[in-house]
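Residues per chain, in single letters:
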Protein chains: 2
Amino acid sequence: MKSRLSSSTEDYLKTIYAFTEWQDTPITSSQLATRLGVANSSVSEMVRKLKDMGLVDHRPYGAVHLTEEGLRVALTMVRRHRLLETFLVNDLGYSWDEVHVEAERLEHAVSDLFVERLAARLGNPERDPHGDPIPSASGDIPRIDAHRLSELDPGHEGTITRISDENPEMLRYLAHERIHLDTEVTVVRRKPFGGPLVVRVGQHGAARDFDVPDEVAEAVWVESTREHAGCTVGGS
Amino acid sequence: MKSRLSSSTEDYLKTIYAFTEWQDTPITSSQLATRLGVANSSVSEMVRKLKDMGLVDHRPYGAVHLTEEGLRVALTMVRRHRLLETFLVNDLGYSWDEVHVEAERLEHAVSDLFVERLAARLGNPERDPHGDPIPSASGDIPRIDAHRLSELDPGHEGTITRISDENPEMLRYLAHERIHLDTEVTVVRRKPFGGPLVVRVGQHGAARDFDVPDEVAEAVWVESTREHAGCTVGGS
DNA sequence: CCTACAATTTAGGCACACCGAAAAAGTGCT
DNA sequence: AGCACTTTTTCGGTGTGCCTAAATTGTAGG
Ligand SMILES: [Mn+2]
Ligand SMILES: [Mn+2]
Ligand SMILES: [Mn+2]
Ligand SMILES: [Mn+2]
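The following paragraphs examine the structure supplied in this document. (Residues numbered from 1 in each chain as written. Chains lettered and ligands numbered in written order. Predicted model: local features only at pLDDT ≥ 70, side-chain atom pairs only at ≥ 80, totals over all residues. Heavy atoms only, no water.)

## Some points on the coordination of the manganese ion (ligand 2)
All names here are of chain A. Only Glu 85 (OE), Asp 128 (OD), His 130 (ND1) and Asp 165 (OD) from the protein coordinate the manganese ion (ligand 2), and they sit 2.1 to 2.6 Å from it. Of note, the donors binding the manganese ion (ligand 2) are all from one chain and are spaced E-x42-D-x1-H-x34-D. Neither residue differs from the other here; Asp 128 and His 130 are each classed as buried. (Donors = N, O, S within 2.8 Å, 3.2 Å for Na, K, Ca; no water. Buried < 20%, exposed > 50% of the residue type's maximum accessible area, 1.4 Å probe, protein only.)

As structure tokens, this is what we get:
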């Protein structure tokens, strides 16, 4: 319960958690392997060890679930990662596409003391540069009520609250197009069969239309501005 | 010449360098083992690998010397370590006895970009919280003209420019006694046979006498205030 | 139900960094 | 020079985390 786990172990747990953060199907072995960039066999082995340590639940050929203790560790790592990203952007002038790789290594090297001092210095932020919620030290995670841009119907208005940080190139592209966190968007027209989604970006006079590529629409999450009768999530 | 070395490798090189920083005898296998907290056999093996990589010179049963390339890496690590310590004290409110352990891990996790951004943010400091000189990015190291307090004759005046960070307890003790970097000291009387060294600490009115334990006198380095005919280094 | 095919686990190995014990080499003293 | 003692190296072995290739097991279609 106290001696530090290895970097690998920490990354496995974080990745298992991250998978269920925006979907609710649990992660499989091969998905875990893909995300971690290791062979399936490596995952099998590690999952067995994690199970022996009481950090995950797993039956042969089944999906992998975090135990309560595993979740606790995962949230600790997520907190570290996101606070570090915030620090890199706020204090060291990194751009939002550069921070992920750096935080991926630093998260394993910092102490609890470091993390808490850093959090205090940053003003205990509740979200990171990509809009991902930062768990508190006690493991509470701010609830975010947002939907993928790709799931919204025309007419829907909202502000961007999260952008997946998985693809740095996309982040660079979005920065170049001046699309940030808190940018206001209105869905203009939905792709008919496979055509692009059109979105009105920005406020009033400065608004412009923007053709959103599919991959981007999957990565950008929007929180409704008007209470718009709940959320109008599109089918299929 | 480019792909990152392992943490262990980096620590070996740093430790080899550090040994010659304040003395000029090269380090032996067993000294290296002691400092790194590993078995002698581990050092033998690693030194062979370092030699194969062209980072150290070594003949069987001889001392270990850094090659030019090894020195370059070592200085990079020393720079990282000391900049990180400075950051921890200046920005995160660590005390000078807490920073060493934290920096020891972080130094292997940060990127070159991180280090240079950090250095810029700190104003490119030339010394760390313990007064240790910080090598420049190009590997130039500020020369410090200081002597151990234990080597000074009575009457010698100067300011403290370095305090060894090896023993956190000593650092805590010195902080408690309000002895810092840049504190002015005058040697009052030298230990007769094994008695304590007496030093006048502080300026003018606020001056007080202080019995310096042997171990402390070895760890504190003083730069002469008056040009005092070079430095009067005591014998034995 | 049975069979192809995909997902997963098992088996056997490798690199790294460490260990203790044993062998070898250097050193200092008579 | 010879011998005791210390230092260093060599040897065999461990744990972790990864790999490829070969079983195994699950599943969906006929
Ligand atoms: Mn990581
Ligand atoms: Mn992020
Ligand atoms: Mn280190
Ligand atoms: Mn220091």
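## Description of the coordination of the manganese ion (ligand 4)
Residues and elements named next belong to chain B. Here the manganese ion (ligand 4) is held by the protein donor atoms Glu 85 (OE), Asp 128 (OD), His 130 (ND1) and Asp 165 (OD), which lie 2.1 to 2.6 Å from it. Sequence spacing of the donors to the manganese ion (ligand 4): E-x42-D-x1-H-x34-D. A relative accessible area of 2% places Asp 128 in the buried class. Accessibility expressed as a relative area gives 0% for His 130, which makes it buried.

## As for the relation of the copies chain A and chain B
Take chain A, turn it by 180 degrees, move it 0.0 Å along the axis, and it overlays chain B with an RMSD of 0.1 Å. The transformation relating the two chain copies, once decomposed into turn and shift, fits a two-fold axis. Interface residue correspondence from chain A to chain B reaches 100%, placing this contact among same-surface, isologous pairings. (Least-squares fit on C-alpha atoms with pLDDT ≥ 70 in both. Contact = heavy atoms within 4.5 Å.)

## Considering the environment of His 58 of chain A
Residues and elements named next belong to chain A. With respect to the secondary-structure elements, His 58 resides in the loop between β1 (56–57) and β2 (65–66). On the basis of relative accessibility, which here comes to 19%, the residue His 58 falls in the buried class. As a C-alpha pair, His 58 and Arg 105 span 47 residues in sequence and 27 Å in three-dimensional space. One polar contact links the side chain of His 58 to the main-chain carbonyl oxygen of Gly 62, over a distance of 3.2 Å. (Helix = DSSP H or I, 4+ residues; strand = E, 2+ residues; numbered from the N terminus. Polar contact = N/O pair within 3.5 Å; in protein donor to acceptor, adjacent residues only side chain to side chain.)

Just geometry here; none of it tells us what the structure is for.
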